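Geometric and topological summary
Each chain is listed here by its residues.
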Amino acid sequence: QVQLVESGGGLVQPGGSLRLSCAASGSIFSINAMGWYRQAPGKQRALVAAITSGGNTNYADPVKGRFTISRDNAKNTVYLQMNSLNSEDTAVYYCNADLWSPGSSWYTDYWGQGTQVTVSS
């Protein structure tokens, strides 16, 4: 069974940095795109950043220039380096992976359980 396990969330002061990690485990044939989404209280879940298997990246406008997404294909892991954090970045961050496993006929979306990021002084 495929699992996405996130780590690295926590409490950080404004202007600080955090690095999130998400590792996909289980029986996996191939992973296409991986990404990070976030959901703040009272808001819908929204894309933060995504990266293809070839390394092409896409960022939401509010995080451009501050966040960097990367991945280690050998480890089935995606990272999100978050710098210059502010209160608007406070949310639950979810990892997403479009992957193909023996349990499905083609690529399917999988989600992590979420990790809380709180930016506060």
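Right, let's walk through the structure included here. Note that the coordinates shown come from a computational prediction; the quantities given were computed from them, not determined experimentally. (Residues numbered from 1 in each chain as written. Predicted model: local features only at pLDDT ≥ 70, side-chain atom pairs only at ≥ 80, totals over all residues. Heavy atoms only, no water.)

Focus: the overall build of the protein
Scanning the protein from N- to C-terminus turns up zero helices and eleven strands. Listing every helix and strand of the protein by position from the N terminus yields β-β-β-β-β-β-β-β-β-β-β. Since a compact globule built from 121 residues should have a radius of gyration of about 14 Å, the 14 Å found for the protein is in line with a globular shape. C-alpha extents for the protein along the principal axes are approximately 45 × 25 × 25 Å. Scored against the burial criterion, the 121 residues of the protein give a buried share of 40%. (Helix = DSSP H or I, 4+ residues; strand = E, 2+ residues; numbered from the N terminus. Rg over C-alpha atoms; globule rule 2.2 N^0.38 Å. Buried < 20%, exposed > 50% of the residue type's maximum accessible area, 1.4 Å probe, protein only.)

Some remarks on the sheet that holds strand β7 (residues 67–72)
Read from one edge of the open sheet, four strands run β1-β3-β8-β7, paired in antiparallel fashion. Each of the sheet's edge strands pairs with one partner strand only, and the pair in question is β1 (3–7) and β7. On average, each strand axis in the sheet is tilted by 15° relative to the strand beside it, whichever way the strands run. Alignment of strand β3 (residues 18–25) against strand β8 (residues 77–82), held across six bridges, turns out to be antiparallel. Bridge pairing in β8 places Leu18 opposite Met82. (Pairing = 2+ DSSP bridges. Axes fitted to C-alpha atoms, helices over the stretch in contact; angles between N-to-C directions.)

So, the state of the cysteines
In a disulfide, the sulfur atoms of two cysteines are held together by a covalent bond. Scanning all chains against the criterion turns up one disulfide. In this model, Cys22 is linked to Cys95 through a disulfide, with the two sulfur atoms separated by 2.1 Å. What sets the handedness of the Cys22 and Cys95 disulfide is the S-S torsion sign, and at about -80° it is left-handed. Here Cys22 is found in strand β3, whereas its partner Cys95 is found in strand β9 (residues 91–100), with 73 residues between them in sequence. (Disulfide = S-S within 2.5 Å.)

Focus: the side chain of Asn96
Mapped onto the elements, Asn96 comes out in strand β9. Assessed through its relative accessible area of 7%, Asn96 is described here as buried. Here the side chain of Asn96 touches Tyr110 through a polar contact of 3.4 Å, landing on its backbone oxygen. Excluding its chain neighbours within four sequence positions, the residues that come into contact with Asn96 are Leu4, Ala33, Met34, Gly35, Tyr37, Asp109, Tyr110 and Trp111. (Polar contact = N/O pair within 3.5 Å; in protein donor to acceptor, adjacent residues only side chain to side chain. Contact = heavy atoms within 4.5 Å.)

Such coordinate-based values are descriptive only and should not be taken to indicate function.
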